[in-house]
Amino acid sequence: MIKISDQSYLVKGAIKTQADELLTEIDRIISSSPLRQMQTKRGHYVGAKMTNCGEWGWVSDKKGYRYSRLDPLTNQAWPAMPTMFKALAMELASSVGFDHFQPDVCLINQYIPKVGMGLHQDKDEHDLSQPIVSLSLGVPAIFQFGGFKRSDQVNYHLLEHGDVVIWGGIDRLRFHGIQPLKLGHHPQTGQTRYNLTFRDTGNIID
Ligand SMILES: O=C(O)CCC(=O)C(=O)O
Ligand SMILES: [Fe+2]
């Protein structure tokens, strides 16, 4: 395990043995809530294609970013979070000292060559005491991990198939991003990288 900041960790190869099962579940989720490019307030499109599983899903459209219980594409609830997803995310969180993590959303990002994700903070969750658990599958990518201001210096970390990044506590609001994906090939995903990001929205379902 590599400590990349005070309460941030990169665990190389942590989910290699679960990768097949994760990819099978991703296919199943995508077949009911398809990957799609989301729009931003300014009318641009988010580069990565996205979908979700869990009680909530992260969505973006001309009204902005938010969590929604329904998939706006299907008007149905998001597919349930597979039991193994939740158990794995909880185990990974607790392995670096974040106990009692109860993710209620898993955002699935799909990157193809040239697609990245600009520097941003994950701050749409109400409960910032809970960490972010982020899994990488397929083609490698360069993760940028910065400070608390967009202009702060960033460090670069290679994320390969099976790697996990976990950040929380005092690091929860650090800026981070993904550099545009380089052309590559992975036997299980082709030219694609998948990222699964587990969060606790802090939303209460009544
Ligand atoms: O793809 C990644 O590794 C990071 C994704 C991310 O930061 C996000 O979805 O908020
Ligand atoms: Fe993020």
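As the structure is a computational prediction, the values presented were derived from the model and not from experiment.

## A short note on the site of ligand 1
Inspection of the region around ligand 1 gives Leu107, Asn109, Met117, Asp122, Ser134, Phe143, His176, Ile178, Asn195 and Thr197 as its neighbouring residues. Those elements that place two or more of their residues in the shell around ligand 1 are strand S8 (105–111), strand S14 (176–178) and strand S15 (193–199). Across the shell around ligand 1, the residue classes break down as four nonpolar, five polar and one charged.

## Looking at the nonpolar core
Of all hydrophobic cores here, the largest spans 48 residues; its most connected members are Ala89, Leu92, Cys106, Ile108, Val133, Val164 and Ile166. Once residues within four sequence positions are removed from consideration, Ala89 is found in contact with Phe101, Pro103, Val133 and Phe198.

## Comments concerning the pairing of S15
Within S15, seven of the seven residues are buried, which leaves it mostly tucked inside the rest of the structure. The two faces of S15 match: Arg193, Asn195, Thr197 and Arg199 on one face and Tyr194, Leu196 and Phe198 on the other face are all buried. Bridge analysis of strand S10 (residues 132–138) against S15 gives six bridges, and the strand direction is antiparallel. Directly across from Leu135, in S15, lies its bridge partner Leu196.

## Some thoughts on helix H2 (residues 83–95)
In a regular helix each residue adds 1.5 Å, so 13 residues correspond to 18 Å; H2 covers 18 Å between its end C-alpha atoms and thus fits that length. Three or more residues of H2 are buried, namely Phe85, Leu88, Ala89, Leu92 and Ala93. Down the axis of H2, the buried set is contained in an arc of 130 degrees. They therefore lie on one face. What points out from H2, more than 90 degrees from its buried face, is the exposed set Thr83, Met84, Ala87, Glu91 and Ser94.

## Considering the UniProt feature "domain: Fe2OG dioxygenase" (unreviewed entry) in the chain
This chain's UniProt record puts "domain: Fe2OG dioxygenase" (unreviewed entry) on residues 102–202. For residues 102–202, the helix share is 0%, the strand share is 42%, and the end-to-end C-alpha distance is 9 Å.

Criteria and thresholds
Residues numbered from 1 in each chain as written. Chains lettered and ligands numbered in written order. Predicted model: local features only at pLDDT ≥ 70, side-chain atom pairs only at ≥ 80, totals over all residues. Near = placed C-beta within 6 Å. Helix = DSSP H or I, 4+ residues; strand = E, 2+ residues; numbered from the N terminus. Nonpolar A, V, L, I, M, F, W, Y, C, P; charged D, E, K, R; others polar. Core = buried A, V, L, I, M, F, W, Y, C linked by C-beta atoms within 7 Å. Buried ≥ 20, exposed ≤ 12 C-beta atoms within 10 Å, placed from the backbone. Contact = placed C-beta atoms within 7 Å. Pairing = 2+ DSSP bridges. Expected span 1.5 Å × (residues − 1). Arc of directions from axis to C-beta. UniProt positions renumbered as here; feature names shortened; annotations may be inferred.

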